[in-house]
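Residue-level structure breakdown
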Amino acid sequence: MRFRIFLISAVLTASAWAGIVDNVRLALAQNNFSAAESELSSYRSQQGINGEYLEAFSWVARAALDRRDYDRADAYARQTKLMVVDQLKKRGVDAERHLPIALGAALEVQSQALAARGRRTEAVALLQAALRTYGSTSIHDRLQKNLNLLSLQGKLAPALKSEQSLGAKLPLAAELKGSPVLLFFWAHWCGDCKAEAPIITQLRSEFAAQGLKVIGPTRLYGYTAQIEHATASDELMYIDAVRHRFYSGLLDMPVPISKYNFDTYGASTTPTLVLLDRTGKVAWYHPGAVAYGELRGEIEKVVAR
């Protein structure tokens, strides 16, 4: 359902003539797989297989997964991956913007379709192999996110690093033992993160007596709203300004700044929320925004342990 809502809102803001990706997404938003396949066939006969075609093709796999049509999702994901791999004989994953989107989507859908059919071990092995092959490319975080979704719960949370920081000092892992912890991965450009901040502020207050701690990792992206190629110092100042404007209820929250944390936790989606139990193990891992009621329910489970 979240996929459908996202898909419909995305295509309504795009021109119907913007290209094959938007045309396919529009057909899928209308639940018309035949029209999407017809768009793909027509484009391929005229333009051949290129990055834009492959990204559009990957959307069919994603739409099938959203409908829980796991066989169709798996088939489209595998076909997307095969075509991308063929393209990679001539160029790298990040040679243009469509290829990593298509490949990342194919591997994501294939792993989720496997897990949904009770083949979690195969799904984990698929993602681990993909990380070995594509771990140095732009899809690393997406692969790690999906691997975490399948395997991180119940494991000790990876330690956070703090190359730079804002707010309170990052506590040592030993100092957090005995306390439930919410990790709130956010980005200065992220609108959903800003919308999540008041929810987290309220819940931190509600569960303060039960010892809930909140840590807000972020990272540098190399730009700000005003500067296309920002220095680290300029971006750090910008992050702090964003923090004061949109996260005023969380100014005492430790904010470790490191790409390592995002890579380790696979936080390719912002916000990403991770709940740790009192022993430091991951109790819940969630890429994306969460409503107050859902997040409160997950926190209640953790503080009760």
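It should be noted that the structure appears before, not after, this text.
Figured I'd write up the structure that's included with this text. The residue numbering used here restarts from 1 in each chain and proceeds along that chain's sequence as written. Local features in a predicted model are, by the rule used here, given only for residues with pLDDT of at least 70; side-chain atom pairs are given and counted only at 80 or more, and totals for whole chains, interfaces and linings are based on all residues. Water and hydrogen atoms play no part in the side-chain values, which are based on all heavy atoms of the structure.

**A few points about the state of the cysteines**
Stated formally: Any pair of cysteine sulfurs within 2.5 Å is marked as a disulfide. Partly exposed residues are those whose accessible area sits between 20% and 50% of the maximum for their type, while under 20% is buried and over 50% is exposed, using a 1.4 Å probe and protein chains only.
Under the counting rule described, the total for this entry stands at 1 disulfide. Here C190 is linked by a disulfide to C193, with a sulfur-sulfur distance of 2.4 Å. Classification of the bridge connecting C190 and C193 rests on its S-S torsion, roughly 85°, and on that basis the disulfide is right-handed. C193 matches C190 in its accessibility class, with the two residues each being buried.

**Description of the pattern of salt bridges**
We count it as follows: By definition here, a salt bridge exists when the distance from a side-chain nitrogen of Lys or Arg to a carboxyl oxygen of Asp or Glu is within 4 Å. Each helix is a run of DSSP H or I of at least 4 residues and each strand a run of E of at least 2, with the numbering of both proceeding from the N terminus.
A full pass over the atoms with the stated rule returns 16 salt bridges. Of the charged contacts, one joins R72 and D69 as a salt bridge, the two residues approaching to 3.9 Å between their closest N and O atoms. Among the residues examined, R72 registers a relative accessible area of 28% and is labelled partly exposed. Note on D69: relative accessible area 29%, which makes it partly exposed. A salt bridge links D71 to R117, with the nearest nitrogen and oxygen atoms 2.9 Å apart. Within this pair, whereas D71 is found in helix 5 (residues 70-87), its partner R117 is found in the loop between helix 6 (98-116) and helix 7 (120-134), the two being separated by 46 residues in sequence. What makes R117 partly exposed here is its relative accessible area of 29%.

**Observations regarding the packing of aromatic side chains**
Filter applied, for reference: Any Phe, Tyr or Trp ring, taking Trp's six-membered ring, that has another such ring centre within 6.5 Å forms a pair; planes under 30 degrees apart are called stacked, those over 60 apart edge-to-face, and the others tilted. Should the NZ of a Lys or the CZ of an Arg lie within 6 Å of a ring centre and within 35 degrees of the ring normal, that charge is described as sitting over the ring.
The tally for this structure, following the rule as stated, stands at 9 aromatic pairs. Look at W186 and Y247: their rings are 4.6 Å apart centre to centre, the planes differ by 40°, and that puts the pair in the tilted class. Taken together, the residues span a long stretch of sequence, with W186 in the loop between strand 2 (181-185) and helix 10 (191-206) and Y247 in the loop between helix 11 (232-246) and strand 4 (255-257) at a distance of 61 residues. By relative accessible area, which is 0% here, W186 ends up buried. Here Y221 and Y223 contribute two aromatic rings whose centre-to-centre distance is 6.3 Å and whose plane-to-plane angle is 55°, an arrangement assigned as tilted. The partly exposed category is assigned to Y221, whose relative accessible area is 22%. Aromatic ring contacts, followed pair by pair, group Y43, Y53, F57 and Y76 into a single cluster. The ring of W59 has R62 sitting right over it, with the charged end atom 3.8 Å from the ring centre. In this arrangement the basic side chain of K194 is found over the ring face of F246, its NZ or CZ atom lying 5.0 Å from the centre.

**Quick word on the sheet that holds strand 6 (residues 282-287)**
The following threshold applies: By the convention used here, strands pair only if DSSP detects at least 2 bridges between them. An axis is simply a line fitted to the C-alpha atoms; with a helix, the fit covers only the stretch in contact. Between two such axes, the angle follows the N-to-C directions and lies from 0 to 180 degrees.
Read across the sheet, 4 strands follow the order 3-2-5-6 without closing on themselves; strand pairing throughout is mixed. If you trace the sheet from one side to the other, it starts and ends with strand 3 (213-215) and strand 6, each paired once. Going from strand to strand, the sheet's axes swing by 15° on average, the running direction of each strand aside.

**Quick word on the pairing of strand 6**
Of all 6 residues in strand 6, 5 are buried; the element is thus mostly enclosed. As judged from the 5 bridges shared by strand 5 (residues 272-276) and strand 6, these two strands associate in the antiparallel manner. The partner of T272 across the bridge, within strand 6, is P287. Hairpin connection, strand 5 to strand 6: the antiparallel pair is bridged by 5 residues, and G280 has positive phi, about 90°.

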